[in-house]
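Examination of the molecular architecture
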Amino acid sequence: MAGIELNNIAKSYGSVEVLRDINLTIEDGEFIVLVGPSGCGKSTLLRMIAGLEPITGGEFHVDGRRMNEVPPRDRDMAMVFQSYALYPHMDVSRNMGFSLEIRKAQKEERSRKVGDAARTLGLTSLTERLPRALSGGQRQRVAMGRAIVRDPSAFLFDEPLSNLDAALRVEMRLEIARLHQRLNATMIYVTHDQVEALTLADRIVVLNAGDIQQVGTPLDLYERPSNKFVAQFIGSPTMNILGVDRAETGVKLKDGTILDVGSRGEQKRAHELGVRPEHLDVVPEEAAHMKGVAELVEHLGSDTNIHASVPGVGPVLVRQHGHFPLKTGDAVNIAVDLEKAHLFGPDGVRLAA
Amino acid sequence: MNALRQSSPLAVTGKYLALAFYVAFALFPLYWLAKIAVTPDKLIFSEGTALIPSKFTFENFQTVLLQTDFVAYFRNSLIVSIGTAAITTVIAAAAGYAFSRFDFRGKRLIIALMLITQMFPLLMIIAPIYKIVAALGLLNSLTSLIIVYTAFNIPFATFLMQSFFDGIPKDLEDAGMIDGCTRFEALRKIVLPLTLPGLGATLGFIFTAAWSELLFALMLINSNDAMTFPVGLLTFVSKFSVDWGQMMAAGVLALVPSCLFFIFIQRYLVQGLTTGAVKG
């Protein structure tokens, strides 16, 4: 069990800076998800925590002990790789028990721990097989088993589900959540999939281009994104961003409509309005803030996504619960839930309510 | 598309005919070697172009094994070839691993130098090599051949080994180090077993190259004691005649170690050992 502390962590390759000034404190037993678009440095950060990449700046502590130069084998962390990285020449049980083999654990202890992990993951009947004789999902389980067997102070996951098909991904996601509940161990999980982030995390760290954008609980990020990047990255479908000008009693859309968003901190800096598709509503004409035409209607069963085009404002995505009887080309009248709309300044920072 | 995929009987026949032609073409010299080796001396010129001789004999083999220095040549060649193959492969494996996994100062320079050494025709450097070997007092020794062959084969063998190491995912070593290995342990317990096909191929390749090398062996070795097999073959050519039958018999015997070697390593050459390591 471990509390992990990152102070001003930085990483550069020569003159190329890939991570800057990363500060993060991870509580013992916490499930932290690092999320961001590809190339944002999230995997590099995880590999630095694991000890596979040298840390080029800042301090890294585990339980108060400085770990910057400690080799991976002495960090007591287990890692699940995106590629699974199973040893091709060892069968499943040797793969899972390899860390114990290296540490010269007793044979009985090894087979007991491997047996326990195999049972937990439903791999008991496969222990004699070589990795090449396993399906993708089974390989993924073995990779997790290899981590569990070690009983490490922290688990690191590097996009562990991105090679699985959609159905299996949901199943394994649940399994990881269950694993965290059962072991109550510190887990750091890297993904580019915001659904994984929202469903698994105690706290999410959003990274972009080497900087931390925001750290918070999933609900925090959804309700109070600190800037436009986080607002658009978290939540599906993506938040609508509409250009606005300031007005005396709120903000003015580009077609001239005034939206009374109440008084907000630095409202005069308002540059853009962000509103999630689920916070827009199709209403009778007289209650509408915007009038447009449905260009595409997606019927998903549980929801209906209406891609509308509003003259003077631009494309707007509206999400309605359940089945909504609307066809391409129909007129749509849209109302904005002003309570849940966000204002962003010219620099993309969200203006506090 | 469809016509291409549903191969017609004609296309299949054509394909196999082409393959058969190629195999016949490639194997014909070997067949000829074996044929002349078993043809009695007096028939060689009288029915020289017949595909199958009218009489067979193993007399040539008997003469070669019992009345010439063939066994000594054979032993010398084995020592040189195995020595060269072993030393070259060890050095090339270490260098190839370094090139594949590490970035270090001078890496590009070393690679460039290794490539440059491959650019000169052997004939150009044979005189300086002779002088160096002579100055070292190593003329007429098998050691000189091992040193020279090793030096000449290392660049190619290194690039070969590097490509095998490149084919082994880095994640495997990372996983090993996370699991508690030092880098060297990860190399020994994870990378090395997966590189066996590459080591086998390199060993085989270098062994064969050293086994059949003539030029340096001819220049650096004069004494009968230290002659390797290819040089020894030339002793069947005398001033006035060529002893074809015995020469060919010796040639057939010379094929044996190469064949054995490849039979031994071919199971390591079978690819697919790394499948299942990463995503599938």
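Here the structure is a predicted model, which is why all the values come from computation and not from measurement.

What about helix H9 (residues 170–178) of chain B?
- Of all the nine residues making up H9(B), seven are buried; the element is thus mostly covered by neighbouring parts of the structure.
- The inward-facing, buried residues of H9(B) contact helix H1 (42–50), strand E6 (77–80) and helix H4 (136–150) of chain A together with helix H5 (70–101) and helix H10 (183–211) of chain B.

Considerations on the nonpolar core
- In this structure, Ile4(A), Leu6(A) and Phe60(A) are the most contacted members of the largest nonpolar core, which totals 95 residues.
- When residues in this core are grouped by element, the largest group, 10 residues, is from H10(B).
- Residues in contact with Phe60(A), not counting those within four places in the same chain, are Ile4(A), Glu5(A), Leu6(A), Ile9(A), Ile49(A), Ile55(A), Arg65(A), Arg66(A), Met67(A), Asn68(A), Arg75(A) and Met77(A).
- If you look at the next biggest cluster of nonpolar residues, it comprises 43 residues, including Val35(A), Val92(A), Phe157(A) and Met187(A).

What about the packing of aromatic side chains?
- Applying the stated criterion across every chain yields a total of 21 aromatic pairs over all chains.
- With a centroid separation of 6.3 Å and 15° between ring planes, the pair formed by Phe155(A) and Phe157(A) is classed as stacked.
- On the accessibility criterion, Phe155(A) (2% relative accessible area) is buried.
- On the numbers, 5.1 Å between centres and 85° between planes, the contact of Phe70(B) with Phe229(B) is edge-to-face. Of this pair, Phe70(B) sits in helix H5 while Phe229(B) sits in helix H12 (residues 229–234); the two residues are 159 residues apart in sequence, bridging distant segments of the chain.

Examining the domain arrangement of chain A
Residue and element names in this part refer to chain A.
- Under the domain assignment used here, chain A contains domain 1 (4–232) and domain 2 (237–351).
- Distance between the C-alpha centres of domain 1 and domain 2: 38 Å.
- With 10 residues of domain 1 at the interface, the matching set in domain 2 holds 12 residues.
- The contact between domain 1 and domain 2 buries some 910 Å² in all, and 51% of this surface belongs to carbon and sulfur atoms.
- The largest share of the area that domain 1 buries against domain 2 comes from Tyr 222, Lys 228 and Gln 232, three residues that together contribute 55% of it.
- Where domain 1 touches domain 2, the interface holds one salt bridge.
- Taken together, the links from domain 1 to domain 2 amount to six residue pairs in polar contact (both at pLDDT 80 or more).
- Breaking the side of domain 1 that touches domain 2 down by element, the ones donating at least two residues are helix H7 (218–223) and helix H8 (228–233).
- Class assignment for the residues of the side of domain 1 that touches domain 2 results in four nonpolar, three polar and three charged.

Notes on the UniProt feature "domain: ABC transmembrane type-1" (unreviewed entry) in chain B
- As annotated by UniProt and renumbered to match this structure, "domain: ABC transmembrane type-1" (unreviewed entry) occupies residues 74–265 of chain B.
- Span residues 74–265 of chain B is 78% helix and 0% strand, its end C-alpha atoms 21 Å apart.

Some thoughts on the pattern of salt bridges
- With the rule as written, the count across this model stands at 25 salt bridges over all chains.
- Among the salt bridges present, the one from Glu159(A) reaches Lys42(A), with a minimum N-O distance of 3.7 Å. Of this pair, Glu159(A) sits in the loop between strand E7 (154–158) and helix H5 (166–183) while Lys42(A) is found in helix H1, placing the two residues 117 residues apart along the sequence. There is no split in this pair, since Glu159(A) and Lys42(A) are both buried.
- The shortest N-O distance in the salt bridge between Asp220(A) and Arg224(A) comes to 2.8 Å.
- Taken together, the shared-partner salt bridges in this structure form one network comprising Lys11(A), Arg47(A), Glu53(A) and Asp174(B).

Basis of the calculations
- Residues numbered from 1 in each chain as written.
- Chains lettered and ligands numbered in written order.
- Predicted model: local features only at pLDDT ≥ 70, side-chain atom pairs only at ≥ 80, totals over all residues.
- Heavy atoms only, no water.
- Buried < 20%, exposed > 50% of the residue type's maximum accessible area, 1.4 Å probe, protein only.
- Helix = DSSP H or I, 4+ residues; strand = E, 2+ residues; numbered from the N terminus.
- Contact = heavy atoms within 4.5 Å.
- Core = buried A, V, L, I, M, F, W, Y, C linked by side-chain atoms within 4.5 Å.
- Phe/Tyr/Trp six-rings, centres within 6.5 Å; stacked < 30°, edge-to-face > 60°.
- Domains from an automatic or database assignment.
- Buried area = accessible area lost by both parts, 1.4 Å probe.
- Salt bridge = Lys/Arg side-chain N within 4 Å of Asp/Glu carboxyl O.
- Polar contact = N/O pair within 3.5 Å; in protein donor to acceptor, adjacent residues only side chain to side chain.
- Nonpolar A, V, L, I, M, F, W, Y, C, P; charged D, E, K, R; others polar.
- UniProt positions renumbered as here; feature names shortened; annotations may be inferred.

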